Amino acid sequence: MERGYYEINRMTRNYPVKIVPHEHLIESTHLDNGHILKHWHRSIEIFWVANSSCMIWKNGQTKKMVANDMEIMNSGEAHEYYGFAQDTTYGCSILISYKFLKELFADIDNYHFILDRNHPSYNKLMDAVSRMKDIYLQNEELYNLQIRSVLYEILYLLMKDFKYDKHEVFDVQTQKYAERYKEILSYMNEHYKENITLNEVAEHFGYTSEYFSRSFKKYIGINYKDHIKSLRVNAAKKLLLESDKTITDIAFEIGAPDSKAFIRDFKNAYGVTPLKFRKVHRDMSKID
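Read on for a plain summary of the structure. Only a predicted model underlies this, so the values are computations on that prediction, with no experimental measurement involved.

What follows deals with the packing of aromatic side chains. We describe a pair of aromatic rings using the distance from one ring centre to the other and the angle between the two ring planes. According to the stated counting rule, one finds 18 aromatic pairs in the structure shown. Taken together, the ring pairs in this structure connect W57, Y181, Y207, Y211, F212, F216, Y219 and Y224 into an aromatic cluster. When the ring centre of Y90 is taken as reference, the NZ or CZ atom of K133 above it lies at 3.2 Å. We note K163 situated over the ring of Y111; from NZ or CZ to the ring centre the distance is 4.5 Å.

Below is the structure:
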């Protein structure tokens, strides 16, 4: 998941919460192993790993998530996750509407949530997330009332035991740095189809190319060139699945140097050629 984008979460079924079982995530993404690209949203997200493992990147830090780990993505925090242990994946992401939170807590923008595994309420929160997932999957009578009941329990625990003043957690410089990199990721997401060079992006944001190259690798976790490649192959995946465009046409549309480079980069990312990827997914849809 290498592009940075702003994600709008539409929660029409379960408003004010969106529930994403990780096994459904794996099924829907198949060959890319549940890889969700760098993105952010105004919703607060609780990410729970039940009995497997995966990797998560959040605001410049990468860590391995193992059984019974939870992470919270605060409103506007850039994040990415990938590398799920597919055969045993059983977990869930819970996204809570920012609009709903703002209505309940007018000063929500001043808060920052941090989950401490050693806190006595940690297991209570994990149990509530697990129950919400079960309610979602069972979809029984009075489903929405059940969802809302557990949601308020989760919010109570977050506000009582895991809430911090944002200014106590981050200094002003750290917040500015995170905001600037959200701008950089957004800019690259808008222009990756063009032949934008590292020097051009650095100059656009007022950095020297040397400083920008170092800071980009440190914060994003990969270098500038590999990030651009990831943006392009991710866009190509969508075109492969949703159109009948040729490999040459797709390579041109995503801004790849040529079809040979596109095929190489796609195979490095997904382990198969673009044509194989298209065939496997279309064969699966016929079975379904």
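On we go from here.
Counting through the fold element by element, V233 comes out in helix 9 (residues 224-242). Taking the relative accessible area as the measure of exposure, V233 reaches 4% and is therefore buried. The spacing of V233 and D265 is 32 residues in sequence and 7.1 Å in space, taken between C-alpha atoms. When neighbours within four sequence positions are excluded, V233 is seen to be in contact with D265, F266, A269 and Y270.

Tallying each qualifying case throughout the model produces one cavity of 30 Å³ or more. Within this model, the largest cavity holds a volume of roughly 30 Å³. As for the largest cavity, its lining consists of I44, I96, L101, F105, I108, F113, L155, L158 and M159. Considering each element in turn, the lining of the largest cavity owes the most residues, three residues, to helix 4 (residues 143-161). Its residues placed into classes, the lining of the largest cavity shows nine nonpolar, no polar and no charged.

Quick notes on the rules
- Residues numbered from 1 in each chain as written.
- Predicted model: local features only at pLDDT ≥ 70, side-chain atom pairs only at ≥ 80, totals over all residues.
- Heavy atoms only, no water.
- Phe/Tyr/Trp six-rings, centres within 6.5 Å; stacked < 30°, edge-to-face > 60°.
- Lys NZ or Arg CZ within 6 Å of the ring centre and 35° of its normal.
- Helix = DSSP H or I, 4+ residues; strand = E, 2+ residues; numbered from the N terminus.
- Buried < 20%, exposed > 50% of the residue type's maximum accessible area, 1.4 Å probe, protein only.
- Contact = heavy atoms within 4.5 Å.
- 1 Å grid on protein atoms, 1.4 Å probe; cavity = no way out; pocket = protein on both sides within 12 Å on 5 of 7 lines; lining within 4 Å.
- Points joined across faces, edges and corners; volume = space filled by probe spheres on them.
- Nonpolar A, V, L, I, M, F, W, Y, C, P; charged D, E, K, R; others polar.

Remember that the coordinates give geometry; whether it matters functionally is a separate question.
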